[in-house]
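Remarks on the overall topology
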Amino acid sequence: APLTLYYYLLFCLNFPNSIKVNLKKKFIIAFPLFILSFFSFSNLVIRDVVLTDLGIQFKMSLLFLPYAIFLFGYAIIGSLNLILKIKKYKGIQRLQIYYVLLGITIALFVGLGINLVLSQLFVLPTLIARLSVFGLVALGGFIVYAIFKYRLMDIKIILTRTGIFVLVYTLVLGL
């Protein structure tokens, strides 16, 4: 999760037009999340992980609150960056940013809310715990809509290159 949100923040800084983010800024952005990623493999973030019929249950540990604050913070900063870009851009780029923001925001905040907040307040049934996965469907749906309706990507080039890749891969595998 920390690495995903690091790349999400870099994506938000570079979407729809790429900007230069120097190595020092990337390091400053990444350092806390790399530390938290390292500690997430220990019992310092979560502890007492138990598989139940209802799903995975765990308890907060010493670094859980900073971990959650950084994850929500990076999600909010990235989303605010896109909101500011909606105000800055006009026309089709504005609509592209809007739909990407809508899909990402739904997926991120549903996932973070369920996995970090609700799981600590309640014992969640499996169906509720899996809603965060269904947030990815919203992300995919909004991005696909933006690709086809507002030319987020040149779909013809993507399909052509994918077709060539599959053909060459099949030939090489066949040989």
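Refer to the preceding data block for the structure.
Let me begin by describing the structure that accompanies this report. All figures in this text were calculated on a predicted structure; none of them were measured in a lab.

What to know about the environment of Leu65
Turning to its location among the elements, Leu65 is positioned in helix H3 (residues 64–88). Residue Leu65 is classed as exposed on the basis of its relative accessible area of 55%. Residues Leu65 and Ile147 lie 82 residues apart in sequence; the distance between their C-alpha atoms is 37 Å.

Describing the nonpolar core
Within the largest apolar cluster, 31 residues are counted, with the highest numbers of intra-cluster contacts made by Leu5, Tyr8, Leu82 and Leu116. Among the elements of the structure, helix H1 (2–14), helix H2 (23–39), H3 and helix H4 (91–121) are those that each provide at least two residues to this core. In terms of residues, this core owes the most to one element, H3, which gives eight residues.

Side note on the packing of H1 against H4
At a closest axis distance of 13 Å, the pairing of H1 and H4 adopts a crossing angle of 160 degrees. Classified by the angle their axes make, H1 and H4 are roughly antiparallel. Note on packing geometry: the crossing formed by H1 with H4 is left-handed. Residues Leu5, Tyr8 and Phe11 of H1 pack against Val100, Ile104, Leu108 and Leu112 of H4. Here the contact of H1 with H4 is built from residues that sort into seven nonpolar, no polar and no charged.

Some thoughts on H1
Residues spaced three or four apart along an α-helix point in a common direction, a consequence of the helix completing one turn every 3.6 residues. If you check H1, its first and last C-alpha atoms are 19 Å apart, about what 13 residues at 1.5 Å a residue would give, namely 18 Å. Taken together, the buried residues of H1 touch H2, H3 and H4.

Thresholds applied
Residues numbered from 1 in each chain as written. Predicted model: local features only at pLDDT ≥ 70, side-chain atom pairs only at ≥ 80, totals over all residues. Heavy atoms only, no water. Helix = DSSP H or I, 4+ residues; strand = E, 2+ residues; numbered from the N terminus. Buried < 20%, exposed > 50% of the residue type's maximum accessible area, 1.4 Å probe, protein only. Core = buried A, V, L, I, M, F, W, Y, C linked by side-chain atoms within 4.5 Å. Axes fitted to C-alpha atoms, helices over the stretch in contact; angles between N-to-C directions. Parallel < 35°, antiparallel > 145°, perpendicular 65-115°, else oblique. Left-handed = near helix turned anticlockwise from the far one by under 90°. Contact = heavy atoms within 4.5 Å. Nonpolar A, V, L, I, M, F, W, Y, C, P; charged D, E, K, R; others polar. Expected span 1.5 Å × (residues − 1).

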